[in-house]
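# Coordinates in review
Here's the letter readout for the chains.
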Amino acid sequence: MITDLTQGKPGKVLCRFSIPMLVSVAFQQLYNIADSMIAGKYAGEDALAAVGASYPITMIFMAIAVGSNIGCSVVVSGFFGARDLKSMKTAVTTTFSACAAICVLLTGGGLAGCSWMMRAISTPENIFTDAALYLRIYIIGLTFLFFYNVCTGIFTALGDSKTPLYFLIASSLGNIGLDLLFVAQFHWGVAGVAWATFLAQGISALLAMAALVVRLRKVQSGKFPFFSFSMLGKIARIAVPSILQQSFISIGNLFIQSLVNGFGSAVIAGYSAAIKLNTFAVTSFTTLANGLSSFTAQNLGAKKEERVQSGFRAGMVIAAAVSIPFIAAFFFFSRTMMNLFMDHGSESAMQAGTTFLRIVSPFYLVIAVKLMADGVLRGAGAMSWFMTTTFTDLILRVVLAFVFSGVLKSPVGIWIAWPVGWSTASIISFLFYYKGVWRRAPHPEEESTLESVDVAEESAESDSIV
C-alpha cells in the first residue's frame, strides 16, 4: 500500500508509518543477534569473537548499501510528494543500475582484499581463519544486501512500511532456522552462520524485488528513461554524503575494533555481544530517523513545511518511548543480556560486555535527539549540515577512545568515548534543526521543471525506454 505522508495529523501519520519499520528493524536485528548467540552457544567463545571481529568490516559494505537506500528514498519521496511519477520511476531504475555496477566492484575488491583487511585491524591468530572465512561468504552476498536495501528504501519512500516488514519477518525466521541447522546440528561453525545469512538475505532480496516490480507497474506514468545521468546526480547528492557518513562511522569503528583486539579474544567476544545489542538500540532510532526523512521529503515536495516541525516533535516522542526499554534492559539487566550469547564464557568477556552496556545505554535519549534532527536535515537535503554532526561524533569517539584507553590501560576507556561523542554531536545537530537550516536546502523536486526537459533529451538518447 502506498501512503501519502502529506495528509492527516503528522503525529498519527508518522506513528502509523513508523511502527512497521520498528518491527522490521526488530526482526532484522534479531537475526543479527541470533548469529552471535548461536555462534557463542554452539561453537564457543572463539567463534563469537570471530564473527564479531569481522563485524566492523561488514558494516562498511552495509554503510554503502544503506547510503544508497537513503539517497534513493529521499529523492523518490520528493518526486512522489510532488506527483512527478515519471521522474520517480526513473529514480528507481537509475538506482538499481548504479547499484549493480557498485556491487561488481565491491565484490571483486572485497574478495581480493579480505585477508589484508582482517590483518589491518590486528585480528588475533586464534580467530583469524574463521573471521576471514565469515567475511568472504558475506562479501559473496553483497548484491542481495544492496538490492534488498534499495527495495526497502523505495517502499518506505512510497509510504509503505509494511511490505518490507513481511519479507524481513520471513527472512529473519529463516535465518535463525538455518543458523540452528547449520551450526547446532551440522556443526559447520562460523561458516554455517555466514551461509545462513547469505541464503536468508538472498531469498528476501529476490522476493522484495519481485514485489516492487509488481507495485511500480500499477503506477501509471507513461514512458520514462530507464537510466538518467542527471537523475543519478540528484540521487548521488543525497546518497554520497550518506554513504560517506555511514562509511566514516564504520571506518571509525574499525579503529575502535583494532583497539579492542589489542585486549585479547575474551574482550573481543564480550564487545562483540554488547555491540550487537547496542546496534539494536541505535538502529531502532536510525530507522525512526529514516522514516522522518521520508516524511520530511514528501511534505517539502508538497510545499507543506509546517508539517515537518510537527513531524519532528512527534518523532522525538516516539524515539523517547523506544529508548526507555533499551535503557532499562541494558543498564539494569546487562549480565542477563550477555548470558544470551555465552553459556560458559570467561569472566573477562562477561565483564567487558556488561561494562560497555552500562556506560553507553543511559545516553540513548541523547543519541535519539541527534538522529531525529539528522532525519529532518537529510530529508530536506541539507547534507553538509548533516555530515558535520556525524563527523563530530565520529572524530571525538575515535580520538578519545585512543586517549582514554591509553590513560586507563583498559577497554573501559574505549567505552567512555561513546557518550562524549554522542552528547557533543547531539547538541550541534539539534541547533542546526532549531536554526532552520533545513528550510534553506534545495530539494530534488524543485528541479522538476528542468527534469522534464532532461527527460525529453534523455529519451532520445536512451536505448532502453520502459
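Shown above is the structure to which this text applies.
Let me sum up the structure you'll find in this document.

As a further point, take the environment of tyrosine 434. With respect to the element layout, tyrosine 434 can be found in helix α16 (residues 412-434). Look at tyrosine 434 and you get exposed, because its relative accessible area is 60%. A sequence separation of 154 residues divides tyrosine 434 from phenylalanine 280, and the C-alpha atoms of the two residues are 28 Å apart.

What follows is about the state of the cysteines. Summed over all chains, the structure comprises zero disulfides. For the unlinked cysteine cysteine 72, the closest cysteine sulfur is that of cysteine 99, found at 7.9 Å.

Interaxial distance between helix α13 (residues 347-360) and α16 falls to 9 Å at its minimum, and their mutual angle equals 20°. Considering the angle they form, α13 stands roughly parallel to α16. Remark: the crossing between α13 and α16 carries right-handed chirality. Within the contact between the two elements, α13 uses Ala352, Thr355, Phe356, Ile359 and Val360 and α16 uses Val412, Trp415, Ile416, Trp418, Pro419 and Trp422. Taken together, the residues that form the contact of α13 with α16 break down as 10 nonpolar, one polar and no charged.

A word on unusual backbone geometry. Positive phi values are uncommon outside glycine, yet histidine 187 reaches one of about 60°. Topologically, histidine 187 is positioned in the loop between α7 (163-185) and α8 (190-217). Judged by relative accessible area, histidine 187 falls into the exposed class, the value being 62%. Here the phi dihedral of lysine 409 falls at roughly 55°; this positive angle occurs in a residue that is not glycine. With respect to the helices, strands and loops of the structure, lysine 409 is situated in the loop between α15 (383-408) and α16.

A few words on the side chain of arginine 397. Topologically, arginine 397 is positioned in helix α15. With relative accessibility at 4%, the residue arginine 397 sits in the buried group. Among residues more than four places away in sequence, those in contact with arginine 397 are Ile249, Asn253, Ile256, Ala417, Trp418, Gly421 and Trp422.

Let us now look at the packing of aromatic side chains. Scanning all chains against the criterion turns up 25 aromatic pairs. Taken together, a centroid distance of 5.2 Å and an interplanar angle of 70° make the contact between phenylalanine 280 and phenylalanine 326 edge-to-face. Of this pair, phenylalanine 280 sits in helix α10 (residues 265-301) while phenylalanine 326 sits in helix α11 (residues 306-332); the two residues are 46 residues apart in sequence, bridging distant segments of the chain. Classification of phenylalanine 326 by relative accessible area gives buried; the value is 13%. Three or more aromatic residues link up through ring pairs in this structure, and these residues are Tyr271, Phe280, Phe285, Phe326, Phe330, Phe356, Tyr364, Trp415, Trp418 and Trp422. Over the ring of phenylalanine 128 we find arginine 119, and its NZ or CZ is 3.8 Å from the ring centre. Directly above the ring of tryptophan 418 sits arginine 397, whose terminal nitrogen or CZ lies 4.5 Å from the centroid.

Looking now at the packing of helix α2 (residues 45-81) against helix α6 (residues 142-157). Taken N-terminus to C-terminus, the directions of α2 and α6 make an angle of 25°; their axes are 8 Å apart at the nearest point. When the interaxial angle is binned, α2 and α6 end up roughly parallel. Classified by chirality, the crossing of α6 by α2 is right-handed. Across the interface between the two elements, Phe61, Met62, Ile64, Ala65, Val66, Ser68, Asn69, Cys72, Ser73, Val76, Ser77 and Phe80 from α2 touch Leu142, Leu145, Phe146, Asn149, Val150, Thr152, Gly153, Ile154 and Ala157 from α6. Here the residues of the contact of α2 with α6 sort into 14 nonpolar, seven polar and no charged.

A word on the pattern of salt bridges. Inspection of every chain in the model, using the stated rule, returns six salt bridges. Arginine 215 is the partner of aspartate 160 in a salt bridge, and the nearest nitrogen-oxygen pair spans 2.6 Å. Here the residue aspartate 160 occupies a position in the loop between α6 and α7, and arginine 215 occupies one in helix α8, the gap between them amounting to 55 residues. Arginine 215 carries the same exposure label as aspartate 160, and that label is buried. Between arginine 439 and glutamate 305 there is a salt bridge whose closest N-O contact spans 2.8 Å.

Conventions used here
Residues numbered from 1 in each chain as written. Predicted model: local features only at pLDDT ≥ 70, side-chain atom pairs only at ≥ 80, totals over all residues. Heavy atoms only, no water. Helix = DSSP H or I, 4+ residues; strand = E, 2+ residues; numbered from the N terminus. Buried < 20%, exposed > 50% of the residue type's maximum accessible area, 1.4 Å probe, protein only. Disulfide = S-S within 2.5 Å. Axes fitted to C-alpha atoms, helices over the stretch in contact; angles between N-to-C directions. Parallel < 35°, antiparallel > 145°, perpendicular 65-115°, else oblique. Left-handed = near helix turned anticlockwise from the far one by under 90°. Contact = heavy atoms within 4.5 Å. Nonpolar A, V, L, I, M, F, W, Y, C, P; charged D, E, K, R; others polar. Phe/Tyr/Trp six-rings, centres within 6.5 Å; stacked < 30°, edge-to-face > 60°. Lys NZ or Arg CZ within 6 Å of the ring centre and 35° of its normal. Salt bridge = Lys/Arg side-chain N within 4 Å of Asp/Glu carboxyl O.

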